[in-house]
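Each chain, written out:
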Amino acid sequence: MAQGPRFNYFDLKQCKRGDVYRVELSSALNVLLVDSSGLSAFKARRQYRYWGGLITRSPHDFVIPRSGHWYLIYHAWGLRSGGRISIRPLVEAEAMPRATPNIVSLQSIAEAAAEYPGTDDAPGVAPSAKDYDVFISHASEDKDEIVRELAGALDSEGLDVWYDEFELAIGSSLRRSIDHGLANSRFGVVVLSSAFFKRNWPNYELDGLVTREMASEGQQLILPIWHNVTKDEVIRYSPSLADKLALRTTDSTVSELAAEIASVIRGS
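I will try to describe carefully the structure that is included in this document. By convention here, each chain's residues receive numbers from 1 onward along its written sequence. Since the coordinates come from a predicted model, pLDDT governs what is reported: local features require at least 70, and pairs of side-chain atoms require 80 or more to be given and counted, while whole-chain, interface and lining totals use all residues. With hydrogens and water excluded, all non-hydrogen atoms of the structure serve as input to the side-chain values.

A short note on the overall build of the chain
Here comes step 1: A run of H or I in DSSP counts as a helix once it spans at least four residues, and a run of E counts as a strand once it spans at least two, with each numbered from the N terminus. Along the chain, the regular secondary structure elements total 10 helices and 14 strands.
Here comes step 2: Per-residue accessibility, obtained with a 1.4 Å probe over protein chains only, is compared with the maximum for each type, and a residue is labelled buried under 20%, exposed over 50%, and partly exposed between these values. The buried share of the chain, reckoned over its 268 residues, is 43%.
Here comes step 3: In what follows, a contact means two residues having at least one pair of non-hydrogen atoms within 4.5 Å. For the chain, the proportion of contacts with a sequence separation of at least 24, taken over those separated by at least 6, is 78%.
Here comes step 4: For the area figures, the Shrake-Rupley method with a 1.4 Å probe applies, and any residue is considered shielded solely by the protein chains shown. Per element, the accessible surface of the chain, about 14,600 Å² overall, is 49% carbon and sulfur.

Remarks on the packing of aromatic side chains
Here comes step 1: Note on aromatic pairs: the rings of Phe, Tyr and Trp (six-membered ring only in Trp) are paired at centre separations within 6.5 Å, and the planes decide the class, stacked below 30 degrees, edge-to-face beyond 60, tilted for the rest. Using the criterion set out here, one finds eight aromatic pairs in the structure.
Here comes step 2: Plain terms: the ring middles of Trp51 and Trp70 are 5.5 Å apart, the flat faces sit at 75° to each other, and that makes the pair edge-to-face. Of this pair, Trp51 sits in strand 4 (residues 51–55) while Trp70 sits in strand 7 (residues 68–75), and the two are 19 residues apart along the sequence.
Here comes step 3: With centroids separated by 6.2 Å and ring planes inclined at 85°, the aromatic side chains of Phe196 and Tyr237 adopt a geometry described as edge-to-face. Linking Phe196 in helix 6 (residues 194–198) with Tyr237 in helix 8 (residues 231–237), this pair joins segments that are 41 residues apart in sequence.
Here comes step 4: Of the residues examined, Phe196 reaches a relative accessible area of 0% and is grouped as buried.

So, a nonpolar patch on the surface
Here comes step 1: To count toward a patch, a residue needs a relative accessible area over 30% and no salt bridge; like charges are then connected within 9 Å, while nonpolar side chains (Val, Leu, Ile, Met, Phe, Trp, Tyr) are connected within 5 Å. Salt bridge criterion: a side-chain nitrogen from Lys or Arg within 4 Å of a carboxyl oxygen from Asp or Glu. The grouping of Leu174, Trp201 and Tyr204 at the surface amounts to a nonpolar patch, some 260 Å² of accessible area in total.
Here comes step 2: Considering the arrangement of structural elements, one finds Tyr204 in helix 7 (residues 200–215).

Description of the packing of helix 5 (residues 174–183) against helix 7
Here comes step 1: For helices, the axis comes from a line fit to the C-alpha atoms of the stretch in contact; other axes are also lines fit to C-alpha atoms, and the angle between any two N-to-C directions lies between 0 and 180 degrees. One can describe the packing of helix 5 onto helix 7 by two numbers: an axis separation of 10 Å at closest approach and a directional angle of 30°. Taken as axis vectors, helix 5 and helix 7 run roughly parallel relative to one another. Here the hand of the crossing between helix 5 and helix 7 comes out right-handed. In contact with Leu174, Arg175, Ile178, Asp179, Leu182 and Ala183 of helix 5, helix 7 contributes Trp201, Tyr204, Glu205, Gly208, Leu209 and Arg212.
Here comes step 2: Polarity classes work like this: nonpolar for Ala, Val, Leu, Ile, Met, Phe, Trp, Tyr, Cys and Pro, charged for Asp, Glu, Lys and Arg, and polar for all others, with Gly in that last group. A class-by-class count of the residues in the contact of helix 5 with helix 7 yields seven nonpolar, one polar and four charged. Note that the term roughly parallel is reserved for angles under 35 degrees, roughly antiparallel for angles over 145, roughly perpendicular for angles of 65 to 115, and oblique for everything else. It is the rotation of the near helix from the far one that decides the hand of a crossing: anticlockwise by less than a right angle makes it left-handed, clockwise makes it right-handed.

What about helix 10 (residues 254–266)?
Here comes step 1: End to end, helix 10 covers 18 Å across 13 residues, agreeing with the expected 18 Å (1.5 Å per residue, within 8%).
Here comes step 2: Restricting attention to buried positions, one finds in helix 10 the residues Val254, Leu257, Ala258, Ile261, Ala262 and Ile265. Along the long axis of helix 10, the arc covered by the buried residues comes to 130°, so they all point the same way. Helix span, expected: 1.5 Å multiplied by one less than the number of residues in the helix. The reported arc concerns the directions from the helix axis to the C-beta atoms and nothing else.

Some thoughts on the sheet that holds strand 6 (residues 60–63)
Here comes step 1: Strand pairing is assigned whenever DSSP detects at least two bridges linking the two strands. In space, the three strands of this open sheet follow the order 6-2-8, with antiparallel pairing throughout. Each edge of the open sheet carries a strand with a single partner, namely strand 6 and strand 8 (85–90). Taken pair by pair, the neighbouring strands of this sheet meet at an average axis angle of 25°, ignoring direction.
Here comes step 2: Relative to strand 6, strand 2 (residues 20–25) runs antiparallel, the two being bridged by four bridges. Paired with Val20 across the strands is Val63, a residue of strand 6.

Overview of the layout of surface pockets
Here comes step 1: Within this scheme a cavity is a closed region of a 1 Å grid, computed over the protein atoms alone, that accommodates a 1.4 Å probe without allowing it to escape, whereas a pocket is open but has protein on both sides within 12 Å along at least five of seven lines; lining residues each have an atom within 4 Å of a point. Grid points are joined across faces, edges and corners, and a volume is the space filled by probe spheres set on the points. Its volume calculated, the second largest pocket comes out at about 300 Å³.
Here comes step 2: Together, 16 residues line the second largest pocket, and Asp35, Ser37, Gly38, Arg49 and Asp160 are the ones closest to its centre.
Here comes step 3: Looking at the lining of the second largest pocket, the elements with two or more residues in it are strand 3 (29–35), helix 1 (36–43) and strand 10 (132–137).
Here comes step 4: Of all the elements, helix 1 adds the most residues to the lining of the second largest pocket, at three residues.
Here comes step 5: Of the residues belonging to the lining of the second largest pocket, the class tally is five nonpolar, four polar and seven charged.

Printed below as a string of structure tokens:
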């Protein structure tokens, strides 16, 4: 069997969300931040999800998007020559402001490269828009008691989770970010509570999930969790939601809820 184009990678091992790694280059290079499943898919020449791409300025900071095992793949496919690369972890205070990552410009080297991404046998690449396994719709009042821990548990299950504290940064458009998450998540976990019933944003999110479910020709997308509410309360809020099989926070621990949700998603 013919070998594919050469590449190398750094094993960053177990990382925490928000860890920063600085990459320094002597010339333009393709540098891709991937998790364990992304590395496996890359090696198998299947589609894979990544952060990064053709890096034309040095240094470049990579921020770990969620806790887990991460790698930095690097290669010179489509470029006339490779260059030296070094990497080191940064403490948060040292991280370069994202708006000003320009210290040494390598643009002229990149412009001299052959057609990017280059060779025909390079692995396929997933679209740049990120997809998620699950979107968490909830009221902010329930974050401390259940939702933040649930989001972390789902992340630990290896799921890609849209949760506002994972995805929203200062200056983000709330509506556009939520719409992107709603449109690009395979499932929606809806944490139904007394606070949820009263809040506008959770209802906006639920409307979006219901619209998607109705358009999916019967495929179940909404996974309800009842948090300290009775069936009568859910019926008064939404009879159709009350009819769905739901998990209850009074019956299961957060880790058990996350394991059950992950089982449903992986089995779909």
